[in-house]
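One-letter residues, chain by chain:
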Amino acid sequence: MFTLAEVASLNDIQPTYRILKPWWDVFMDYLAVVMLMVAIFAGTMQLTKDQVVCLPVLQSTINSKAQPSTSGKADFTTVETTTGQGEEASMRTVSFGSAPTVTPDVPLSRATSPQYQPTESSQELKKEQKDSSGRKTNLDFQQYVFINQMCYHLALPWYSKYFPYLVLIHTIILIVSSNFWFKYPKTCSKIEHFVSILGKCFESPWTTKALSETACEDSEENKQRLTGAQSLPKYVSTSSDEGSPSASTPMITKSGFKFSADKPMIEVPSVTILDKKDGEQAKALFEKVRKFRAHVEDSDLIYKLYVCQTIIKTFKFIFILCYTANFVNTISFEHICNPKVEHLIGYTQFECTHNMAYMLKKLLISYISLICVYGFICLYTLFWLFRIPLKEYSFEKVREESSFSDIPDVKNDFAFLLHMVDQYDQLYSKRFGVFLSEVSENKLREISLNHEWTFEKLRQHVSRNAQDKQELHLFMLSGVPDAVFDLTDLDVLKLELIPEAKIPAKISQMTNLQELHLCHCPAKVEQTAFSFLRDHLRCLYVKFTDVAEIPAWVYLLKNLRELYLIGNLNSENNKMIGLESLRELRHLKILHVKSNLTKIPPNITDVAPHLTKLVIHNDGTKLVVLNSLKKMMNVAELELQNCELERIPHAIFSLSNLQELDLKSNSIRTIEEIISFQHLKRLTCLKLWHNKIVNIPSSITHVKNLESLYLSNNKLESLPAAVFSLQKLRCLDVSYNSIAVIPVEISLLQNLQHFHITGNKVDVLPKQLFKCVKLRTLSLGQNCITSIPDKVGQLLQLTHLELKGNCLDRLPATLGQCQLLRKSGLVVEDHLFDTLPLEVKEENLLSVGRNCPSSPGRLLPQSFLSL
């Protein structure tokens, strides 16, 4: 047999699951325990006390032939038999007359044996009971035992015999139905995870801190409005309201934790800082809640399973009630038994008594009462399940009571679990909602960030860039530390991979800030901060993946001078969203776009009247439509790099103010259109490097104002004489081609200062080359030159000479006459340098003249240094 504790263990669940047990489930669990006790009690009584006692019903006429021969004296026999489930009972028979007397101490065989003779004591007993009244029967003990067992199974209703077992089975089914959703694998894992996260959220110090801070936030804001205006002067824009951001501009709105644009920036007193360990645990909780929500909201299996098990319990209650109520009246103390064994007993009818009848009837009525209460609770549960949509949960009340107005509503199983928790204690869901709020998460990150990145630590990360400006680069942080805006002498601020960057009004303290970099950082600004940036910011870099990441306020910075946009602008869905707002950038001078454009956006012409430099760097996407260029009449510098151009675009010839044209890294094969450049009177620099140009047309002579010509990394095999008719040419770069001869006409370029022919097939240097006495840079590396003429000493202004990678065996001693040439500017192999006379090395090449620049490399144009 099993004990009550073993059966009750079926109803046992983990203590942590109790928060998912509403009052009706708890009540039904207790009712199930009571029903178990009823079943076990009834079963125990049946096994130990249950018995039936039967006596024959005598007929009015007795067939004397059927009676056995007796002594003629009346017999009265009393039989007590206890039977139950096949067990032998103790028996005692007291007989008068010639009837046998059987006691527990006398074997039955002997008591019924015909040779058994009554003793003197039995004779005396007969005399003492001689006067007792009664009706005699002709049954012996074995016949009474037989008929009692026979009538126990025939006369008693089946419900009286199996009542304890039915109650036990029904109760176990109800218990299993109540807790099946805690045991089913597909729901058990989700419930266990939910309870674990919920407990951690409830106990997290961040929950207490967030709720306590929001409780007093309104009073703190009121104090700040009253007293803060005198503590810190707010930046006041000197411009008009024109260019103010619209409602759709991504400013920091008045929701959640924030800096208000109309509010002065002061410190809130007594702000507690979380322990680092608690902060990390809270961050981990936010991530767990986010993943759990995404996992659970996808299905409603828990909800459906709970509804199904409630319906099963309801039908079970109806079924039990229907068939059990019919058996109440069938349980009685007296029963009539007709066993149809007259040939064995001699009687056809017996009257029997059931000693457990009254107890079973009371237990059955009690059980029906419990089942009725259980069933009514099931009906209430069904009413609750379908009264409101439990697959939707709103945090409206929490949003109203706190500043976390962004707590989202949840659905499906997540919503159902929260509804169940509310039946236990609504404080759980309120604390859980803190970890669903992005505002709360951002506030936690902000506190942790400010605790980690102090003013002293940020000051250590400030460096000087190439332009000798103070620069701070912040990379992959959760936000922008408040202490950044205390670096008032900062010139350049770079924010990279900071998705939750917010620029508060404190930025107005950074009066030296003129350059801002936003790399994958869709920063939001407050109104006061925007006013400051609109009036003071001069250079802005924005790197993005999709055009939607560009903050809308970028297009409203009317005093911006330089704008660099790096990212995908060729999306079919956005259609250049945002670029139409460039019309507000009224002082924009330089526009740099590194993207994958197929055409120049027409809206870019909004800045045409004041734009002086346009740079388009494609990623290899072919730029097809360039008609918009015709409207950019004031552009002085134009770069179209890596745009897969095959010819020089005709739209360029309309740019009358163009001074520099760069068509680097395209697929240009011919430049016959170069004759049209004669109309561009201001064109001084032409860069056609990294293309596929085979020859230079003679019409280049018409571009008389050219001062710089870059044709490196092409497929040129010769230099036409027409190139050397460009008298104003100061820089000629034909590196990395297949040129074998330097024409003697090069001597005509008397203004030539920089000549680069590295990486060609030149084997002889003409003496006319050294008539270009203004040469400062001469790059002859990686050719086939076997000797350097002594006339190299005529280049008195030479500061950079590259000879590495040739077939030289010595260097001319006349290099000593190049007074400005230093060892740092001489690029040769070490063994060649050693061939120079010692006095040349010591007095000239190794000394630094007082009239010589200390950094010869600065003489090179920036465009060449970029190579």
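It should be emphasised that the depicted structure is a prediction, and the values quoted were computed from it without experimental measurement.

Some words on the environment of Lys-823
Here's step 1: Turning to its location among the elements, Lys-823 is positioned in the loop between strand 25 (800–802) and strand 26 (826–827).
Here's step 2: Take Lys-823: its relative accessible area is 44%, and that puts it in the partly exposed class.
Here's step 3: In this structure, the C-alpha to C-alpha distance between Lys-823 and Phe-833, residues ten residues apart in sequence, is 9.0 Å.

A word on the packing of aromatic side chains
Here's step 1: Overall, the coordinates contain 31 aromatic pairs when judged by the stated rule.
Here's step 2: Measuring from ring centre to ring centre gives 4.8 Å for Phe-286 and Phe-435, while their planes differ by 45°; the resulting arrangement is tilted. In this pair, Phe-286 is assigned in helix 10 (residues 276–296) and Phe-435 in the loop between helix 16 (426–434) and helix 17 (438–452), connecting sequence segments 149 residues apart. Grouping residues by exposure puts Phe-286 and Phe-435 together as buried.
Here's step 3: Note on Tyr-393 and Phe-395: the rings are 5.0 Å apart at their centroids and 70° apart in plane angle, and the pair reads as edge-to-face.

Here's the deal with the pairing of strand 18 (residues 637–641)
Here's step 1: For strand 18, the buried fraction is high: four of the five residues fall into the buried class.
Here's step 2: Bridge count between strand 17 (residues 613–618) and strand 18: five bridges; the pairing is parallel. Bridge pairing in strand 18 links Val-615 to Glu-639.
Here's step 3: Sheet topology places strand 18 next to strand 19 (residues 660–662); three bridges connect them, and they run parallel. Bridge assignment links Leu-638 to a residue of strand 19, and that residue is Leu-661.

Describing the nonpolar core
Here's step 1: Core analysis: the biggest nonpolar cluster contains 131 residues, and Leu-640, Phe-677 and Phe-755 have the highest contact counts within it.
Here's step 2: It is helix 19 (residues 527–536) that contributes the most residues to this core, four residues altogether.
Here's step 3: Excluding residues within four positions of it along the chain, Leu-640 makes contact with Ile-616, Leu-623, Leu-626, Leu-629, Leu-645, Pro-649, Ile-652, Asp-662, Leu-663, Lys-664 and Asn-666.
Here's step 4: By size, the runner-up hydrophobic cluster in this structure holds 83 residues, among which are Leu-168, Leu-198, Tyr-306 and Ile-368.

Some details on the packing of helix 2 (residues 23–49) against helix 6 (residues 158–183)
Here's step 1: Across the interface, helix 2 lies against helix 6 with an axial gap of 9 Å and an inter-helix angle of 155°. When the axis of helix 2 is compared with that of helix 6, the two are roughly antiparallel. In this structure, helix 2 meets helix 6 at a crossing whose hand is left-handed.
Here's step 2: Its residues placed into classes, the contact of helix 2 with helix 6 shows 15 nonpolar, six polar and two charged.

Section: a nonpolar patch on the surface
Here's step 1: Taken together, the side chains of Trp-23, Val-26, Phe-27, Tyr-30, Val-373, Tyr-380 and Phe-383 make up a nonpolar region of the molecular surface, amounting to roughly 690 Å² of accessible area.
Here's step 2: Looking at the nonpolar patch, the elements with two or more residues in it are helix 2 and helix 13 (357–387).
Here's step 3: Ranked by residue count, the leading element in the nonpolar patch is helix 2, at four residues.
Here's step 4: By the secondary structure assignment, Val-373 is in helix 13.

Re the pairing of strand 4 (residues 334–337)
Here's step 1: Along strand 4, the buried face is formed by His-335 and Cys-337; none of Glu-334 and Ile-336, which line the opposite face, is buried.
Here's step 2: Looking at chain direction, strand 4 and strand 5 (residues 350–354) are connected through four bridges and run antiparallel. For Glu-334, the partnering residue across the bridge sits in strand 5 and is Thr-353.

Focus: helix 6
Here's step 1: Look at helix 6: 35 Å from first C-alpha to last across 26 residues, which is about the 38 Å you get at 1.5 Å a residue.
Here's step 2: Taking the largest bend as the criterion, helix 6 deviates by roughly 45°, centred on Pro-164.

Observations concerning the state of the cysteines
Put plainly, two cysteines are in a disulfide when a covalent bond ties their sulfur atoms together.
Here's step 1: Considering all chains together, one arrives at two disulfides under this definition.
Here's step 2: Here Cys-54 connects covalently by a disulfide to Cys-352, the sulfurs 2.0 Å from one another. Between Cys-54 and Cys-352, the disulfide has an S-S torsion of 110° and is therefore right-handed. One end of the pair, Cys-54, is in strand 1 (residues 52–56); the other, Cys-352, is in strand 5, and 298 residues separate them in sequence.
Here's step 3: Between the sulfur of Cys-151 and that of Cys-337 lies a disulfide, 2.2 Å long from S to S.

Overview of the environment of Lys-664
Here's step 1: Relative to the elements of secondary structure, Lys-664 occurs in the loop between strand 19 and strand 20 (685–687).
Here's step 2: Among residues more than four places away in sequence, those in contact with Lys-664 are Leu-640, Gln-641, Asn-642, Lys-687, Trp-689, His-690 and Asn-691.

With respect to the environment of Ile-604
Here's step 1: Relative to the assigned elements, Ile-604 resides in the loop between strand 16 (590–595) and strand 17.
Here's step 2: Given a relative accessible area of 5%, Ile-604 falls into the buried group.
Here's step 3: Residues Ile-604 and Leu-591, 13 residues apart in the sequence, show an inter-C-alpha distance of 9.3 Å.
Here's step 4: Beyond its immediate chain neighbours, meaning those up to four positions away, Ile-604 contacts Leu-582, Leu-591, Leu-614 and Met-632.

Some points on unusual backbone geometry
Here's step 1: Non-glycine residue His-520 carries a positive phi angle of around 50°.
Here's step 2: Looking at the secondary structure, you find His-520 in the loop between strand 12 (515–519) and strand 13 (524–525).
Here's step 3: Of the residues examined, His-520 reaches a relative accessible area of 24% and is grouped as partly exposed.
Here's step 4: Its identity is not glycine, yet Tyr-736 carries a phi of approximately 55°, on the positive side.
Here's step 5: Here Tyr-736 is to be found in the loop between strand 22 (731–733) and strand 23 (754–756).
Here's step 6: Residue Tyr-736 is classed as partly exposed on the basis of its relative accessible area, which comes to 39%.

Describing the sheet that holds strand 5
Here's step 1: What the three strands build is an open sheet, ordered 1-5-4; its pairing is antiparallel. A strand with exactly one partner marks an edge of an open sheet, and here the two such strands are strand 1 and strand 4. Each strand of the sheet is rotated relative to its neighbour by a mean of 25°, with strand direction disregarded.
Here's step 2: Pairing of strand 1 with strand 5, which is carried by five bridges, proceeds in the antiparallel orientation. Along strand 5, the bridge assignment pairs Val-53 with Thr-353.
Here's step 3: Against the sheet, helix 5 (residues 141–154) engages strand 1, strand 4 and strand 5, with an angle of about 115° to strand 1.

Cut-off values and rules
Residues numbered from 1 in each chain as written. Predicted model: local features only at pLDDT ≥ 70, side-chain atom pairs only at ≥ 80, totals over all residues. Heavy atoms only, no water. Helix = DSSP H or I, 4+ residues; strand = E, 2+ residues; numbered from the N terminus. Buried < 20%, exposed > 50% of the residue type's maximum accessible area, 1.4 Å probe, protein only. Phe/Tyr/Trp six-rings, centres within 6.5 Å; stacked < 30°, edge-to-face > 60°. Pairing = 2+ DSSP bridges. Core = buried A, V, L, I, M, F, W, Y, C linked by side-chain atoms within 4.5 Å. Contact = heavy atoms within 4.5 Å. Axes fitted to C-alpha atoms, helices over the stretch in contact; angles between N-to-C directions. Parallel < 35°, antiparallel > 145°, perpendicular 65-115°, else oblique. Left-handed = near helix turned anticlockwise from the far one by under 90°. Nonpolar A, V, L, I, M, F, W, Y, C, P; charged D, E, K, R; others polar. Patch = residues over 30% accessible without salt bridge, like charges linked within 9 Å, V, L, I, M, F, W, Y side chains within 5 Å. Areas by Shrake-Rupley, 256 points an atom, 1.4 Å probe, with all protein chains shown as cover. Salt bridge = Lys/Arg side-chain N within 4 Å of Asp/Glu carboxyl O. Expected span 1.5 Å × (residues − 1). Bend = angle between axes of the 7 residues up to and from the residue. Disulfide = S-S within 2.5 Å.

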